[in-house]
Amino acid sequence: MTESAAQEILRVGRSPSLRGVCSVPGDKSISHRALLFGALCRGAVEIRGLGLGGDNASTAAALRALGVEVQVSGSTARVEGRGFSGLRQAQAELDCGNSGTTMRLFCGLLAGRPFATTLTGDPSLSRRPMGRVAKPLRLMGARIEGHSDPQRPEGLLPPLVIAGGNLRGIDYALPVASAQLKSALVLAGLQASGKTCIEEPGLSRDHTERMLRFLGAPIHADPVTRRVVVDPTGWTGELIASAVEVPGDLSSAAFLLVAAAVVPGSDVTVERVGLNPTRTGVLDALQAMGANLEVFQTSEAMGEPVGRVRVRWAGPLRAARIAGDLALRSIDEIPALAVACALAEGRSEFADVGELRVKESDRIASIARELARAGIEVEQTSTGFWVQGTGGRPPKGGRVSPDRDHRIAMAGAVLGLLSDEETTVPSEDIATSFPTFAEILRTLGADLKS
Ligand code: S3P
C-alpha cells in the first residue's frame, strides 16, 4: 500500500436507485486456498477469477517467500506447484498483513515443514488470538512460540515462530466453529503420520474440504456430524490440478445486495457468485426480512455451487433475529446485515456472534460505534447486539472510522447511501477484500467520489 493510497478517502452521498447487472471479484476464502493448494500441486496451476484484495496478495507473497513462483496478472494467477516437500525456508519473516486466514492456514502448513518460520501481521492481526491454532498443532508435535496475551494469560498473539516437522495425527474437538482453525489442522494432518479427526461445534465454511477433495487429497468430510477425517497413510502426497476457477465473493456481493434492498427503487443482479450453503446465511436473512430476492444456481466450480442473485427493492425491511446456525452461515456478513436491520422496521437481535469480537476489529464494538454515529439506537450484549431500525428515516452522515476493518468500512459506506449528509470512508481499508467496491457501486448509480 503506497502513502498516497493510504490517504484516499471515499465520499458517499445520498444515492438514487441502484440498478444494473454486475459481478464481484473472486471469493477471498477460496482464493487463499486456490493459491496455497496450488502451491502444493506438482507443476503449474492456473487460477482464474482470483480475489483482488490485499489479503489474497498476502498469501501470494507468503508463498513466494517459501520459494514458490506465483505470478499474478489481474484476476489470473499462475502458481508453480512444488508439493509440500518443495517448500523452502523463508529468508525473512512472512508478513500476513491484515489476513487472519493467511496466518492460520500457514500455521498448519508450516507445522509440518522441517524448518523455522516467523509469521507477523499488521496491528489488527497482531491482536487476534492464535492460541486456538497453536494448541492442537503443538499436540501434533509442532513447536510454536508467540507473544502472551495480556488479556488472557493462556492466550497467544503474533508474531509467531513455528518450528515444524514429524507430526502425528490427533483427534480434536474444536472449541469454536472456525474454518481457519479447521483448515490449519487439515493441512497439518496431510503431513502427519496416521489419521487426524476434527470435529466442529457448528459447521463453518467448508471450502478446504471441497477443494482438497477436488484436488485428490485423502480427506473425508461429513457436514451432518461436522467431522473431517484426513488420513494420508499410503497417499502419494500429490495434489493434482492444472486450472481452477474461483467464484465471485458472496461476502463482497452482500454489501451490494443489502444496498439494493434498502435504497428505494433498486434492482441489482450479481452474477457468477459463490453460493456455498455454509456461506448463504445472508440470503436467507434478507429473505426473512422481506427482501425481494431471486437466487439461481448456474454452474459449479471445484465442487462449489455458483450462480446469480437478484435483489429488487420492495419497501422497508422487517426486523430480524440472527442467531445460531444462521449467524454462523452469515458471520462475515453481519456488518452488512446490521445496516439492513438499522434501516428496517422494528428491533433486530444478533446473538451467538461472540466470534465477531476477534475479527479484523472487535466487530460488535465497531458496528455499535458506527451505527450510533449515524444516529441509530444500538445496544451491545456479550455475544451480540440489538439494533432499533429507523424504518426508513435517513441515518446521519459523518466520518466512518473502521479501525482497519474492511467490512466495517463498507457497511459505513452502504449506510451513507441513504444519508442526506456526506459520509467519508478510508478507501485503503476497503481494498483488503474488495478494491473495486466503489467502482461497481458507481456503475450501479451510487453517488461516490474518491
Ligand atoms: C475464513 C474463516 C472465517 C471468516 C474469515 C475467513 C476462512 O474465520 O470469518 O473471514 O477463509 O477460512 P474463522 O475461521 O475465524 O471463523
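Residues numbered from 1 in each chain as written. Predicted model: local features only at pLDDT ≥ 70, side-chain atom pairs only at ≥ 80, totals over all residues. Heavy atoms only, no water.

A. The overall build of the protein chain, seen in detail. A tally of helices and strands in the protein chain yields 15 helices and 24 strands. With respect to the three principal axes, the spread of C-alpha positions in the protein chain is 60 × 45 × 45 Å. The contacts of the protein chain with a sequence gap of at least 6 include a subset with a gap of at least 24, amounting to 76%. When the accessible surface of the protein chain is totalled, it reaches about 16,300 Å², and 49% of it is carbon and sulfur. Taken together, the 49 basic and 50 acidic charged side chains of the protein chain have centroids lying 2 Å from each other. (Helix = DSSP H or I, 4+ residues; strand = E, 2+ residues; numbered from the N terminus. Contact = heavy atoms within 4.5 Å. Areas by Shrake-Rupley, 256 points an atom, 1.4 Å probe, with all protein chains shown as cover. Lys, Arg positive; Asp, Glu negative; His and termini not counted. Charge placed at Lys NZ, Arg CZ, Asp CG, Glu CD.)

B. Molecular detail of the site of the ligand. What surrounds the ligand is the set S29, R33, T101, R104, A177, S178, A179, Q180, R205, D332 and K359. In this structure, T101 approaches the ligand through a side-chain N or O atom, which is 3.5 Å from an oxygen atom. D332 has a polar side-chain atom sitting 2.6 Å from an oxygen atom of the ligand. Notes on the ligand: free accessible area 380 Å², of which the protein chains cover 95%. Sorting the residues of the shell around the ligand by element identifies α2 (28-40), α4 (100-110) and α6 (179-189) as the ones contributing at least two each. (Near = heavy atom within 4 Å. Polar contact = N/O pair within 3.5 Å; in protein donor to acceptor, adjacent residues only side chain to side chain.)

C. The sheet that holds strand β10 (residues 171-173), seen in detail. Pairing is mixed across the open sheet formed by four strands, whose spatial order is β10-β11-β13-β12. This sheet does not close on itself; its edge strands, each paired only once, are β10 and β12 (219-222). The mean inter-strand angle of the sheet, taken between neighbouring strand axes irrespective of direction, is 10°. Summarising the sheet, β10 and strand β11 (residues 196-199) pair through three bridges and their orientation is parallel. Across the sheet, the residue bridging to A173 is E199, located in β11. Taken strand by strand, helix α7 (residues 207-214) contacts β12 and β13 (227-230), and its axis lies near 140° from that of β12. (Pairing = 2+ DSSP bridges. Axes fitted to C-alpha atoms, helices over the stretch in contact; angles between N-to-C directions.)

D. Fine view of the pattern of salt bridges. Summed over the entire model, instances satisfying the criterion amount to 33 salt bridges. With its nearest N and O atoms 3.0 Å apart, the salt bridge here joins D27 to R279. Highlighted residues: D27 in the loop between β2 (19-23) and α2 and R279 in the loop between β15 (267-274) and α9 (281-288), separated in sequence by 252 residues. Of the two residues, D27 and R279, neither departs from the other in class, the shared state being buried. Measuring nitrogen to oxygen at the nearest pair gives 3.9 Å for the salt bridge that ties E360 to R128. Residue E360 is located in the loop between β19 (347-350) and α12 (363-373), and its partner R128 is located in the loop between β7 (116-120) and α5 (131-140); the two are separated by 232 residues in the primary sequence. In this pair, the class of E360 matches that of R128, namely buried. One connected set of salt bridges, linked through shared partners, spans R128, R205, D332, E360, R363, D405 and R407. (Salt bridge = Lys/Arg side-chain N within 4 Å of Asp/Glu carboxyl O. Buried < 20%, exposed > 50% of the residue type's maximum accessible area, 1.4 Å probe, protein only.)

E. Structural detail: the nonpolar core. L18, L257, V270, L286, F350, L417 and F437 are the most contacted members of the largest nonpolar core, which has 75 residues in total. Considering each element in turn, this core owes the most residues, eleven residues, to helix α8 (residues 250-262). Grouped together as the second largest cluster of nonpolar side chains are 70 residues, L87, L119, I162 and M211 included. (Core = buried A, V, L, I, M, F, W, Y, C linked by side-chain atoms within 4.5 Å.)

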